Protein chains: 2
Amino acid sequence: MQNRKLVVIGGDAAGMSAASKVRREHPGREIVVFERGPHTSYAACGMPYLIAGMVDSPDRLIARRPEVFREKQQIDVRIRHEVVEIDLAGKRLRVTDLDRGEGFWEAWDDLLIATGASPVVPDVPNVQSDGVFSLSTLQSGIEVLEDIEQHPPRTAVIAGGGYIGIEMAEALLERGIDVSLIDMAPQVMTTMDPDMTEGIVEAMRDAGVHVFLNEKLERIDTDGDGRASSVSTDKRRLDADIVIVGLGIRPNSDLARDAGIELGESGAIRVNLRMQTSAPGVWAAGDCAESFHRVKEQPAFVALGTIANRHGLVAGTNLSGGDQEFPGVLGTAITRFRELEIARTGLSEKEAGDLGIAYRTKTIDARTRAHYFPGAAKVRVKLVVEDNTGRLLGGQIVGANGAGKRIDTLAGAISARMTAEQLVYLDLAYAPPFSPVWDPVQTAARTLA
Amino acid sequence: MQNRKLVVIGGDAAGMSAASKVRREHPGREIVVFERGPHTSYAACGMPYLIAGMVDSPDRLIARRPEVFREKQQIDVRIRHEVVEIDLAGKRLRVTDLDRGEGFWEAWDDLLIATGASPVVPDVPNVQSDGVFSLSTLQSGIEVLEDIEQHPPRTAVIAGGGYIGIEMAEALLERGIDVSLIDMAPQVMTTMDPDMTEGIVEAMRDAGVHVFLNEKLERIDTDGDGRASSVSTDKRRLDADIVIVGLGIRPNSDLARDAGIELGESGAIRVNLRMQTSAPGVWAAGDCAESFHRVKEQPAFVALGTIANRHGLVAGTNLSGGDQEFPGVLGTAITRFRELEIARTGLSEKEAGDLGIAYRTKTIDARTRAHYFPGAAKVRVKLVVEDNTGRLLGGQIVGANGAGKRIDTLAGAISARMTAEQLVYLDLAYAPPFSPVWDPVQTAARTLA
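Residues numbered from 1 in each chain as written. Chains lettered and ligands numbered in written order. Predicted model: local features only at pLDDT ≥ 70, side-chain atom pairs only at ≥ 80, totals over all residues. Heavy atoms only, no water.

## Quick look at the overall build of chain A
Phase 1 of the analysis: A count of helices and strands for chain A gives 12 helices and 25 strands.
Phase 2 of the analysis: Viewed in the frame of its principal axes, chain A has a C-alpha envelope of about 65 × 60 × 40 Å.
Phase 3 of the analysis: Expressed as a percentage of its 449 residues, the buried residues of chain A come to 59%.
Phase 4 of the analysis: When contacts within chain A are restricted to residue pairs at least 6 apart in sequence, long-range pairs at least 24 apart make up 62% of them.
Phase 5 of the analysis: Surface exposure of chain A reaches about 17,100 Å², of which carbon and sulfur atoms provide 44%.
Phase 6 of the analysis: For chain A, the centre of its 50 positive side-chain charges and the centre of its 63 negative side-chain charges are spaced 4 Å apart. (Helix = DSSP H or I, 4+ residues; strand = E, 2+ residues; numbered from the N terminus. Buried < 20%, exposed > 50% of the residue type's maximum accessible area, 1.4 Å probe, protein only. Contact = heavy atoms within 4.5 Å. Areas by Shrake-Rupley, 256 points an atom, 1.4 Å probe, with all protein chains shown as cover. Lys, Arg positive; Asp, Glu negative; His and termini not counted. Charge placed at Lys NZ, Arg CZ, Asp CG, Glu CD.)

Listed below in structure tokens is the structure:
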């Protein structure tokens, strides 16, 4: 196995985690990584905070540069190299050197596909104009930052009220820009239930964001130079010196599909728990691959940095002769709008209903600290449990001041298949600066137990 | 059952939780509570913050007053009534009305003992002098506050570096007092391992607290009026206009013992998982009673408000004809010294060793947020796992800015009997303002998996 040449397509979290793991286990093995962009191993999640000015340089978001991988780990990382074809039968890749414009074939013994995901681009007029951006790669974040610095906008429109939309609203407000956010859904954060998202919209409006729900992006209008100047929805026209499109992402799985590798229903590459694809010797990890959902007990497409890192570690372990399974995801996620922390895990009420599960649910309002302690903030917790058994299926938390990371307690309890009653009696930490004597997640569980 | 008269001894967290639960289930039942102090249902844990001036009135620490229990819940709470004898055979109590100085017998069908705990008073000269205080009841906290306001101290000595000692050091510093803290152990916080407590002492010294370890309290010296003026250890004399003694607590179990009710090795009342004592019809809950330790799998004495509330809920459920077991404790606890959050759960390395368990342990340093995110603070995490199985036995966390409540993730994982490897693959929440992509508790688990 140590003589098998490993080739990795994609030099971000999943690909480089796997390559690094293989290197630690097999010091002499040949490892080649092709990355079509100019960067490796960066913190894409940090981009809104870079754009906000809270992080002072794009360099700070880079965990490890290509030259460091090459020199310290003897991993042959080739940036600006795009893989355009996988030849499964020949065990080789067709690669384009983007700077030289040259193509070549590269052989592999083991192949890891870690091609990531790309933003969904809506089919509306002028979406490719100057001043219209999505966020995906670090390069895309740098381009937004440079554009803002070169053409300081007075107004911005964000299309999409998901994580990117909410984080970019905070970032652009921080820059003193007048921000509008539109979403065709009747709520923001559609991974959460409506009763949990009202407070988010309220906080955004209080901060001065113009939030328009149930409105569909119809076109982007441009000025004489072909630069975005306004956005039209089905109900209004909004001035927009800059437009951010955050309408979700789709897996970069075309390369795999074209080679005959099986995709899942989500469109992402189907893998088993060891991260093997349908093709022998071919593995997939990160945003381009599916995961097993621990509660749904079926494949799911969850594209997040945490998952990509775990995928990479599992793939790397198995590629080095280990035997590791990835136990799966819960769709845990967290974000914030300024002080308001927003988190979810497991099934929302809507997801439980869509799956035909008989469930009960409860939403409670509590405080993050003892009621008498300075800084005790409001927190709303929603739990979803299986109706007959009381087994925890999902949780959502919205609140300030330490509310959000409480989702981890729920993620652990759901993974352990605990009931609401078992959560009530967990020995969680209490002191007045940290919690009421019944932690808010336990207060919610009590109402269901 | 609804005709059985319930008498409760002790009107704080455990007793009133149980009484309230019984009332909810049995609206017409006779419930009498005897409380020797003047207060019911108060937040004893808030006293250091009351003394610090962060909480503006003792009233804010009272969750529910006796008259509210009487009027709203028809619970006959009699404050300033001390129970001095339990007559098991006669199913009655001897009670002293402290204000009238009169005694009487009160009959019961069911009895709940919730007599709490008292501070350990060291056997040293002048420990009963004016200006020397322990913290236990709300009344004791009010007395400290009044003393500080009437005799503003320049200097204070705290004996004992446990939770109370550390919290009172913060409180008295907040008042502008010059604070010394002595402990006979070579470390503070003896429920934690030494490698985790160095940073606590450093933070205290940086804040100006004079910390003296390996020093034994030998005597309290008094001035002409019989008021404390200094404290002598085996190594030095320290000026002390006020002295706080925080040397731990012992359960108030004499009343039960004298009646022939079985105590545990800890000296607290032995109970089963339903909170029943050895005497039929007699229950115990709160700081006077033992708990089952989920990892040690043996009885333990853990006197904390969280546990008292859970004891009370379990006892109250069973006293109302329900069938509820208390699954037990992990010894989870949290406190802080100013910005530094301090938390522990399960077994420390020392406890694992004392129990003869073959264990492995690892201590790691990480950050509470993405390294590039403003406010990313240092956090140290220690995990203890069973050697062969990798099963999590305990965890300790010290760090700023959101470090502490991460202990709940560990408490949940330990309760679910997870291994370090299972913790690594939990789907915990990540975003740059909240965590690195591997949460610190998972980074620690990775080093052990």
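## Section: the UniProt feature "domain: Pyridine nucleotide-disulphide oxidoreductase dimerisation" (unreviewed entry) in chain A
Phase 1 of the analysis: The feature "domain: Pyridine nucleotide-disulphide oxidoreductase dimerisation" (unreviewed entry), as given by UniProt, occupies residues 335-437 of chain A in the numbering adopted here.
Phase 2 of the analysis: Helix makes up 19% of residues 335-437 of chain A and strand makes up 36%, while its end C-alpha atoms are separated by 26 Å. (UniProt positions renumbered as here; feature names shortened; annotations may be inferred.)

## Observations concerning the relation of the copies chain A and chain B
Phase 1 of the analysis: Take chain A, turn it by 180 degrees, move it 0.0 Å along the axis, and it overlays chain B with an RMSD of 0.0 Å. In symmetry terms, the pair is related by a two-fold rotation axis. Minimal C-alpha separation from the rotation axis in chain A is found for Thr 409 of chain A, amounting to 2.5 Å.
Phase 2 of the analysis: Taken as a fraction of all interface residues of chain A, those also at the interface in chain B reach 100%, which identifies the copy contact as same-surface. (Least-squares fit on C-alpha atoms with pLDDT ≥ 70 in both.)

## Topic: the packing of helix α1 (residues 13-25) of chain A against helix α8 (residues 305-319) of chain A
The relative placement of two packed helices is expressed as an angle between their axes plus a distance between the axes.
Residues and elements named next belong to chain A.
Phase 1 of the analysis: Interaxial distance between α1 and α8 falls to 7 Å at its minimum, and their mutual angle equals 35 degrees. Once α1 is placed against α8, the crossing between them reads as right-handed. Here Ala 13, Ala 14, Ser 17, Ala 18, Lys 21, Val 22 and Arg 24 of α1 come into contact with α8, specifically with Ala 308, Asn 309, Gly 312, Leu 313, Ala 315, Gly 316, Thr 317 and Leu 319.
Phase 2 of the analysis: Its residues assigned to classes, the contact of α1 with α8 comprises eight nonpolar, five polar and two charged. (Axes fitted to C-alpha atoms, helices over the stretch in contact; angles between N-to-C directions. Left-handed = near helix turned anticlockwise from the far one by under 90°. Nonpolar A, V, L, I, M, F, W, Y, C, P; charged D, E, K, R; others polar.)

## What about the interface of chain A and chain B?
Phase 1 of the analysis: Residue-level contacts link 61 residues of chain A with 61 residues of chain B.
Phase 2 of the analysis: Both faces combined, the contact of chain A with chain B buries some 5,300 Å², and carbon together with sulfur accounts for 62% of it.
Phase 3 of the analysis: Scanning the region where chain A abuts chain B turns up two salt bridges.
Phase 4 of the analysis: Note that Lys 405 of chain B is salt-bridged to Asp 439 of chain A, the shortest N-O span being 2.7 Å. (Buried area = accessible area lost by both parts, 1.4 Å probe. Salt bridge = Lys/Arg side-chain N within 4 Å of Asp/Glu carboxyl O.)

## Digging into helix α12 (residues 440-448) of chain B
Phase 1 of the analysis: Residues of α12 of chain B that are buried: Pro 440, Val 441, Gln 442, Ala 444, Ala 445 and Leu 448 of chain B.
Phase 2 of the analysis: Tucked into the core, α12 of chain B has its buried residues touching α8 of chain A together with β23 (359-367), β24 (378-386), β25 (392-400), α10 (407-415) and α11 (420-424) of chain B.

## So, the sheet that holds strand β16 (residues 242-245) of chain B
Residue and element names in this part refer to chain B.
Phase 1 of the analysis: Here five strands make up an open sheet; going across it, the order is β9-β16-β10-β11-β12 and the pairing parallel. Every interior strand has two partners, whereas the edge strands, β9 (132-133) and β12 (210-213), have only one.
Phase 2 of the analysis: In the sheet, strand β10 (residues 155-159) pairs with β16 via four bridges, with the strands oriented parallel. By the bridge assignment, Ile 158 is partnered in β16 with Ile 244.
Phase 3 of the analysis: Packing of helix α4 (residues 138-150) onto the sheet brings it into contact with β9 and β16, and relative to β16 it is tilted by some 165 degrees. (Pairing = 2+ DSSP bridges.)

## A word on the domain arrangement of chain A
Residue and element names in this part refer to chain A.
Phase 1 of the analysis: Domain assignment breaks chain A into domain 1 (6-118 + 250-319), domain 2 (121-247) and domain 3 (340-448).
Phase 2 of the analysis: Computed over C-alpha atoms only, the centres of domain 1 and domain 3 are separated by 35 Å.
Phase 3 of the analysis: At the junction of the two partners, domain 1 supplies six residues and domain 3 supplies eight residues.
Phase 4 of the analysis: Interface area, domain 1 with domain 3, both sides summed: about 560 Å², of which 58% is carbon and sulfur.
Phase 5 of the analysis: Contact with domain 3 buries surface across domain 1, with Arg 294, Val 295 and Lys 296 losing the most and accounting together for 76% of the total.
Phase 6 of the analysis: Taken together, domain 1 and domain 3 are joined by two salt bridges.
Phase 7 of the analysis: Note that Glu 297 and Arg 417 form a salt bridge whose closest N and O atoms lie 3.4 Å from each other.
Phase 8 of the analysis: Run the count over domain 1 and domain 3 and you get three residue pairs in polar contact (both at pLDDT 80 or more).
Phase 9 of the analysis: Split by residue class, the side of domain 1 that touches domain 3 holds one nonpolar, two polar and three charged. (Domains from an automatic or database assignment. Polar contact = N/O pair within 3.5 Å; in protein donor to acceptor, adjacent residues only side chain to side chain.)

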